[in-house]
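# Working through the structure, step by step
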Amino acid sequence: MIETLGVRTHGLRRADLERLARNVDDAAIMERLCEAELSKHLLLFHGVLAEAARCFPRVYAELELAGVWEILGRVQQEAPDVFGRLFRMPQLGAWAVDCLRSVTQAHQASPALRVNLSRAGTFAATGGIWGGTDFDLPLVLPDKRLVLPGFRALPVPVQGEVRLRRHKGRLDIGTGGALATLPQPASVRIRTRDGKLSLSVDLDDTTPYLDRYRHQRVEELSARDLRKWSERVAGAWRILAQRHPDTAQAMSTSVQAIVPLRSDMAGSTVAATSPAVFGAIATSLAGDDLTFAETLVHEFQHLKLCAVLDLFPLVMAGGGALSYAPWREDPRPARGLLQGAYAYLGVTRFWRVQRWHMRPDQALRGHAEFYRRCAETLQVLHDLLASGRLTAEGRRFVEVAELQLRGWQRDDVPDLARRLARAASYEHRTTWEARHVSVDPEPVARLVEAWNTGRIPESATCAVVPYRVRPVHHRPAHARGSLLTMRYADPERFRELLEEGGPDGRGALRLSAADVALLRDDMRSATAAYRAEICRGDVEPEVWSGLAVAAVDRLPDAAAAFLRRRLPLVLALHSAIHAIDGSRVDPIELAGWLADVEATERLR
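Residues numbered from 1 in each chain as written. Predicted model: local features only at pLDDT ≥ 70, side-chain atom pairs only at ≥ 80, totals over all residues. Heavy atoms only, no water.

### Thoughts on the packing of aromatic side chains
The full count for this structure, using the stated rule, is 14 aromatic pairs. Aromatic side chains Trp229 and Phe292 sit 6.1 Å apart centroid to centroid with 80° between the ring planes, which places their arrangement in the edge-to-face category. One end of the pair, Trp229, is in helix α8 (residues 223-243); the other, Phe292, is in helix α10 (residues 289-311), and 63 residues separate them in sequence. The residues Trp229 and Phe292 share a single accessibility class, namely buried. Site record: aromatic cluster; members linked through ring pairs are Phe45, Trp69, Phe83, Phe87, Trp95, Phe123 and Tyr209. Residue placement shows Arg85 over the ring face of Trp130; its charged tip is 3.7 Å from the ring centre. The ring of Tyr426 has Arg564 lying over it, and the distance from NZ or CZ to the ring centre is 4.3 Å. (Phe/Tyr/Trp six-rings, centres within 6.5 Å; stacked < 30°, edge-to-face > 60°. Helix = DSSP H or I, 4+ residues; strand = E, 2+ residues; numbered from the N terminus. Buried < 20%, exposed > 50% of the residue type's maximum accessible area, 1.4 Å probe, protein only. Lys NZ or Arg CZ within 6 Å of the ring centre and 35° of its normal.)

Written out as structure tokens, the structure reads:
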């Protein structure tokens, strides 16, 4: 039966894969990826029913799951467009993935499993209602509500095992009584147009299958909230359609649903996608149209790569080593690095174009974001190529993306944007290194001995020191890093926050005097204050990273450069010296000595 429902073999030509790697948005390529995802959903749906028949034949018969295929076959014949719409639903993919896992892991037919399996019939019912196809099938209702994909929950007078029938346009449930009210669409459809490009998406705040993200979904948006969302989507779409038409066209063929999320804190935007929910973007409501447009681009990149990964294994199986990701606080495996790098490849391209179409008071943000994300993404792609975790297709994919970014690095960027972007980027990386990177204790012990004896080690000790990434308990980003980004993203708000902190700028942000000096570009005072803090006693990793950022700007010499390049080694040696004799040496002096050791070793 599955052969008659449209499953085909899918693939991409090498030229198409390389166009995707260069982030060239092509609606035709995107449509091929969507067709592959449709076939994937068909296979998953078939897999659920096949496993149910194999593992729980009695339940399979009682729920008349074989009849589901017959109904779907008639829907395909009578309304092929409806059939395609049904099997492209993000909700169907989410349900099928979860249900297949439940069936294969279950040891007995629990009531919950029966409910989950009966939902196969709800998709057939939705197809029948949309396409005008009659049906008669059993459902298991856990409560007195009829929940059909694509429709809002409808109160009904029965629960448990019931029959749902459609005959000549009438929908009956339970004992044969016609429903007084037909189910209403589950989500608000937002339609927006700019020129020849239009976007039509469901704002889904109801469907249970899409409530699966790490962040809480907003349930049942008010009329006022719906207006806000509609206006924000329209504003973002206007930006994409006018300035990024290729991206907008490709997005319009594949993004079907936006799932509204609650933000963790006021003023921040959270967003997510899932490989199991192709076609849906989950996001909170951004504070402005430009940020929302960037968010849609970012998450669309994830959707594209998820579809590509369903066709080509770009990363080898297994976790592998963890590495630095400039957009995360935690270490990431190769697969996560590739996902993030591809998302920011799209973001970089977005800002590369958008920065030339912004008001003068906003242009700094565009230039700095382009410069920062281009450099950071390029470094991650370089790390991926060196990881040994890429397949042959993955290596070619990353090489093409890297070549694209290297070309973009030659673009003109104002000096101020470069400087502010570098500071924010340095702060994030050095803070991450201070938190997560540990150094092999053996070479550190030799360096302690050399320091205490006042000599340069005779054997190679500093040039090659093994590092290990250690996942630690999640810690939120330091306020200093967010403010360094705000310096270029929203300068006016940045100045307001420092003023609200009082004369010293510290206030509720819990910044140190050194942090405030750094944020105010007083690198001389910041360097002195961070040095003094470290010399006084145990400090948080953020103090070390602050010193690295301030010293590079203030002291462009070998000591400052070594501090930024190899902060974990300086930190480890400083701690080891203190553990032996209780002394707290000057961190800049220590970094300068290590720079001399490294230079001497390279001459040997």
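### A closer look at the pattern of salt bridges
Considering all chains together, one arrives at 51 salt bridges under this definition. Arg88 is the partner of Glu35 in a salt bridge, and the nearest nitrogen-oxygen pair spans 2.7 Å. Separated by 53 residues along the polypeptide, Glu35 in helix α2 (residues 27-55) and Arg88 in the loop between α5 (80-87) and α6 (90-105) bring together distant segments of the chain. Residue class for Arg88 comes out buried when judged on its relative accessible area of 18%. Between Glu62 and Arg58 there is a salt bridge; the shortest N-O distance is 3.0 Å. Here Arg58 and Glu62 lie together in helix α3 (residues 57-62), a separation of four residues that amounts to about one turn. (Salt bridge = Lys/Arg side-chain N within 4 Å of Asp/Glu carboxyl O.)

### A word on the pairing of strand β4 (residues 160-167)
Here seven bridges tie strand β1 (residues 135-141) to β4, and the two strands are oriented antiparallel to one another. Across the sheet, the residue bridging to Asp136 is Arg165, located in β4. Of the pairings in the sheet, the one linking β4 to strand β5 (residues 170-173) comprises four bridges and is antiparallel in character. The residue bridging Arg165 from the neighbouring strand is Asp172, located in β5. Counting the residues between successive antiparallel strands, the hairpin from β4 to β5 contains two residues, one of them, Lys168, with a positive phi of roughly 55°. (Pairing = 2+ DSSP bridges.)

### Structural notes on α5
Within the sequence span of α5, burial applies to Val82, Phe83, Gly84, Leu86 and Phe87. Packed against the buried residues of α5 are α2, α4 (65-78), α6 and α7 (111-131). (Contact = heavy atoms within 4.5 Å.)

### Observations concerning the pairing of strand β8 (residues 197-203)
In terms of residue burial, β8 counts as a mostly covered element, since five of its seven residues are buried. Judged from the seven bridges that link them, strand β7 (residues 188-194) and β8 form a sheet pairing that is antiparallel. Bridge pairing links Thr192 to Leu199 in β8. Between β7 and β8, which follow one another and run antiparallel, lie two residues, and Gly195 among them has a positive phi close to 70°.

### Here's the deal with the packing of helix α14 (residues 415-436) against helix α16 (residues 479-489)
In helix packing, the relevant descriptors are the interaxial angle and the interaxial distance, both defined with respect to the helix axes. Relative to each other, α14 and α16 sit at 165°, their axes nearing to 9 Å. In terms of orientation, α14 lies roughly antiparallel with respect to α16. Note that α14 runs across α16; the crossing there is left-handed. Here Leu420, Ala421, Ala423, Ala424, Glu427 and Thr431 of α14 lie close against α16, whose contacting residues are Arg480, Gly481, Leu484, Thr485, Arg487 and Tyr488. Looking at the contact of α14 with α16, its residues break down into six nonpolar, three polar and three charged. (Axes fitted to C-alpha atoms, helices over the stretch in contact; angles between N-to-C directions. Parallel < 35°, antiparallel > 145°, perpendicular 65-115°, else oblique. Left-handed = near helix turned anticlockwise from the far one by under 90°. Nonpolar A, V, L, I, M, F, W, Y, C, P; charged D, E, K, R; others polar.)

### Thoughts on helix α17 (residues 491-500)
Restricting attention to buried positions, one finds in α17 the residues Phe494, Leu497 and Leu498. For α17, the buried positions fall inside an angular range of 95° around the axis, keeping them on one side. Relative to its buried face, α17 has exposed residues pointing more than 90 degrees away, namely Glu492, Glu499 and Glu500. Against the buried residues of α17 lie α16 and α18 (513-519). (Arc of directions from axis to C-beta.)

### So, the nonpolar core
By size, the foremost hydrophobic cluster in this structure holds 130 residues, and its most contacted members are Leu240, Leu384, Leu563, Leu569, Leu573, Trp593 and Leu594. It is α10 that contributes the most residues to this core, 11 residues altogether. Contact partners of Trp593, with chain neighbours within four places excluded, come to Leu447, Ala450, Trp451, Arg455, Ile456 and Leu573. Judged by nonpolar contacts, the second largest core, of 62 residues, contains Phe87, Leu146, Tyr213 and Val277. (Core = buried A, V, L, I, M, F, W, Y, C linked by side-chain atoms within 4.5 Å.)

### Comments concerning the sheet that holds β7
The strands making up a sheet are joined through hydrogen bonds of the backbone, oriented either antiparallel or parallel. Strand order in the open sheet formed by five strands is β7-β8-β9-β11-β10, and the pairing between neighbours is mixed. Lying at the two open borders of the sheet, with one neighbouring strand each, are β7 and β10 (271-272). Here four bridges tie strand β9 (residues 257-260) to strand β11 (residues 280-283), and the two strands are oriented parallel to one another. Residue pairing across strands places Ile258 opposite Ile281, the latter belonging to β11. On the sheet, α8 packs against β7, β8, β9 and β11 and is oriented at approximately 30° with respect to β7.

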